[in-house]
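# Residue-level structural notes
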Amino acid sequence: MSGHALLNAQTVEDCIIDQGWEHYTPEDHAIWGVLFERQQRTLRGHVCQEYLDGLAALGIGPEGVPNFARMNERLRRLTGWEVVAVPGLIPSRPFFQMLANRQFPAGTFIRSREQLDYLEEPDIFHDVFGHVPLLTNPAYADYMNEYGRIGLVAVETKGVKFLARLNWYTIEFGLIRKPEGIRIYGAGIVSSFGEAKYVVDDPSAHHLAFDLERVLRTGYYIDDFQATYFVIDRFEDLFDLLRGSDFTTRFDELRTLPAYTPFEILPQDVVVRKGTGHFWRDFPAT
Ligand code: HBI
Ligand code: FE
């Protein structure tokens with residue numbers, strides 16, 4: 001399917017393609033292995049146990065690019081989710097519709113050896129290694145499903161911007177507090193060598209207790225490490241927050257309120273760790 005056709009794709013059926021697993025080359029599988037091994041080492045002791053349990057339950061390992069059909073046999077049995085192949089970023093409506101159907105859209109291409117560290121668009125390593133393992137966790141799986149359902153409301157009520165922030169600060173860059181310490185669960189961190197090291201080693205960023213209103217009002221930059229990460233206590237809390245909200249009126253209200261920058265700490269914030277801001281010392285004052 002061409003990029004142009006995809007721009008107008010409005011239905012789930014328009015966006016789903018065949019993974020074509022048999023077409024991956026030995027080099028593709030080797031790149032997966034390099035990424036997998038390196039990231040396993042980086043994440044050890046820093047990623048949440050639910051993530052590691054998911055990897056194991058789905059049989060995702062260093063051998064090569066996962067075969068969606070085989071992975072889906074296990075995933076469907078665990079939480080009713082399945083991974084479907086898409087040609088890259090897809091429009092919001094079919095994206096949310098898939099999540100509402102318990103279908104997770106994943107890209108099929110894998111980065112080249114020259115791009116191991118940075119990519120403009122998510123590839124199969126980000127989508128599958130980053131996102132799919134936690135879909136084996138019932139609470140996380142339900143949250144993702146509810147996010148899709150509310151996303152469909154957002155498409156009709158000009159609320160996608162707010163849901164994108166929620167997605168950013170949970171699914172992509174979320175942290176979770178465990179008895180053993182702060183752990184990573186966001187796919188954008190899990191699948192990134194640089195950001196995972198930064199989260200573990202660098203004291204620059206703030207860690208703030210997750211608050212739905214706060215997150216819906218906080219902007220973000222897509223091309224740098226985060227200045228603030230929001231910390232949840234349990235995956236169940238995310239689902240409960242969404243289910244208890246009337247989002248139609250919420251979006252109307254949110255549009256009238258100013259946004260926060262990713263750099264500031266507000267008087268009402270519950271600070272888990274105050275960052276040094278060192279990484280952004282050259283940023284214009286906010
Ligand atoms: N498409 N493949 C893909 N993956 C995404 O994460 C994605 C998308 N299209 C739209 C979209 N995300 C955003 O609209 C939401 O995250 C808000
Ligand atoms: Fe992602």
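See above for the structure.
One structure accompanies this document, and this report is about it. Since this is a predicted model, take the numbers as computed values, not measurements. (Residues numbered from 1 in each chain as written. Chains lettered and ligands numbered in written order. Predicted model: local features only at pLDDT ≥ 70, side-chain atom pairs only at ≥ 80, totals over all residues. Heavy atoms only, no water.)

## Observations regarding the packing of aromatic side chains
With the rule as written, the count across this model stands at 19 aromatic pairs. Geometrically, the ring pair formed by tyrosine 140 and phenylalanine 235 is edge-to-face, given 5.7 Å between the ring centres and 90° between the ring planes. Here the residue tyrosine 140 occupies a position in helix H8 (residues 138-156), and phenylalanine 235 occupies one in helix H13 (residues 235-243), the gap between them amounting to 95 residues. We note that tyrosine 140, like phenylalanine 235, is buried. An aromatic cluster is built from Trp32, Phe36, Tyr51, Phe125 and Phe129, whose rings are joined through pairwise contacts. Seen from the ring of phenylalanine 193, arginine 38 lies directly overhead, with NZ or CZ sitting 4.0 Å from the centre. Here the guanidinium or amino end of arginine 70 rests over the ring plane of tryptophan 21, the centre of that ring lying 5.3 Å away. (Phe/Tyr/Trp six-rings, centres within 6.5 Å; stacked < 30°, edge-to-face > 60°. Helix = DSSP H or I, 4+ residues; strand = E, 2+ residues; numbered from the N terminus. Buried < 20%, exposed > 50% of the residue type's maximum accessible area, 1.4 Å probe, protein only. Lys NZ or Arg CZ within 6 Å of the ring centre and 35° of its normal.)

## Here's the deal with the nonpolar core
Core analysis: the largest hydrophobic core is formed by 76 residues, its most contacted members being Trp32, Val128, Phe129, Leu166, Tyr185 and Phe235. Take this core: its biggest share by element is eight residues, from H8. The contact partners of phenylalanine 129, leaving out residues within four places of it in the chain, are Trp32, Phe36, Gln39, Leu43, Tyr51, Leu55, Ile124, Val190 and Ser191. Cys15, Val84, Val86 and Ile90 belong to the second-largest nonpolar core, a separate cluster that totals seven residues. (Core = buried A, V, L, I, M, F, W, Y, C linked by side-chain atoms within 4.5 Å. Contact = heavy atoms within 4.5 Å.)

## Considering the coordination of the iron ion (ligand 2)
His126 (NE2), His131 (NE2) and Glu172 (OE) make up the full set of protein donors to the iron ion (ligand 2), lying at 2.0 to 2.1 Å. The exposure class assigned to histidine 126 is buried, which follows from its relative accessible area of 13%. (Donors = N, O, S within 2.8 Å, 3.2 Å for Na, K, Ca; no water.)

## Remarks on the side chain of threonine 228
Along the polypeptide, threonine 228 turns up in strand S6 (residues 228-232). Polar contacts involving the side chain of threonine 228 include one to the main-chain carbonyl oxygen of proline 262, which spans 2.7 Å. Non-local contacts of threonine 228, meaning those with residues more than four positions away in its chain, are made with Tyr169, His206, Leu208 and Pro262. (Polar contact = N/O pair within 3.5 Å; in protein donor to acceptor, adjacent residues only side chain to side chain.)

## Considerations on the environment of glutamate 120
Relative to the assigned elements, glutamate 120 resides in the loop between strand S2 (103-107) and helix H7 (124-131). Classification of glutamate 120 by relative accessible area gives exposed; the value is 72%. Note: C-alpha distance between glutamate 120 and aspartate 223 (103 residues apart in sequence) is 8.7 Å.

## Brief notes about the site of ligand 1
As a structural note, the neighbourhood of ligand 1 is formed by Gly88, Leu89, Ile90, Ser92, Phe95, Phe96, Tyr147, Ala164 and Asn167. Serine 92 places a side-chain nitrogen or oxygen 3.0 Å from an oxygen atom of ligand 1. Starting from 390 Å² of accessible surface for ligand 1 in isolation, the protein chains cover 82%. Elements with a minimum of two residues in the shell around ligand 1: helix H6 (92-100) and helix H9 (160-172). Among the elements that line the shell around ligand 1, the one with the most residues is H6, at three residues. Split into classes, the residues belonging to the shell around ligand 1 amount to six nonpolar, three polar and no charged. (Near = heavy atom within 4 Å. Areas by Shrake-Rupley, 256 points an atom, 1.4 Å probe, with all protein chains shown as cover. Nonpolar A, V, L, I, M, F, W, Y, C, P; charged D, E, K, R; others polar.)

## What about the packing of H8 against H9?
The N-to-C vectors of H8 and H9 enclose an angle of 165°; their axes lie 9 Å apart at closest approach. One element, H8, and the other, H9, form an angle in the roughly antiparallel class. Of the two possible hands of crossing, H8 and H9 adopt the one that is left-handed. Seen from H8, the contacting residues are Tyr140, Tyr143, Met144, Tyr147, Ile150, Gly151, Ala154 and Val155; seen from H9, they are Val160, Leu163, Ala164, Leu166, Asn167, Thr170 and Ile171. Classifying every residue of the contact of H8 with H9 gives 12 nonpolar, three polar and no charged. (Axes fitted to C-alpha atoms, helices over the stretch in contact; angles between N-to-C directions. Parallel < 35°, antiparallel > 145°, perpendicular 65-115°, else oblique. Left-handed = near helix turned anticlockwise from the far one by under 90°.)

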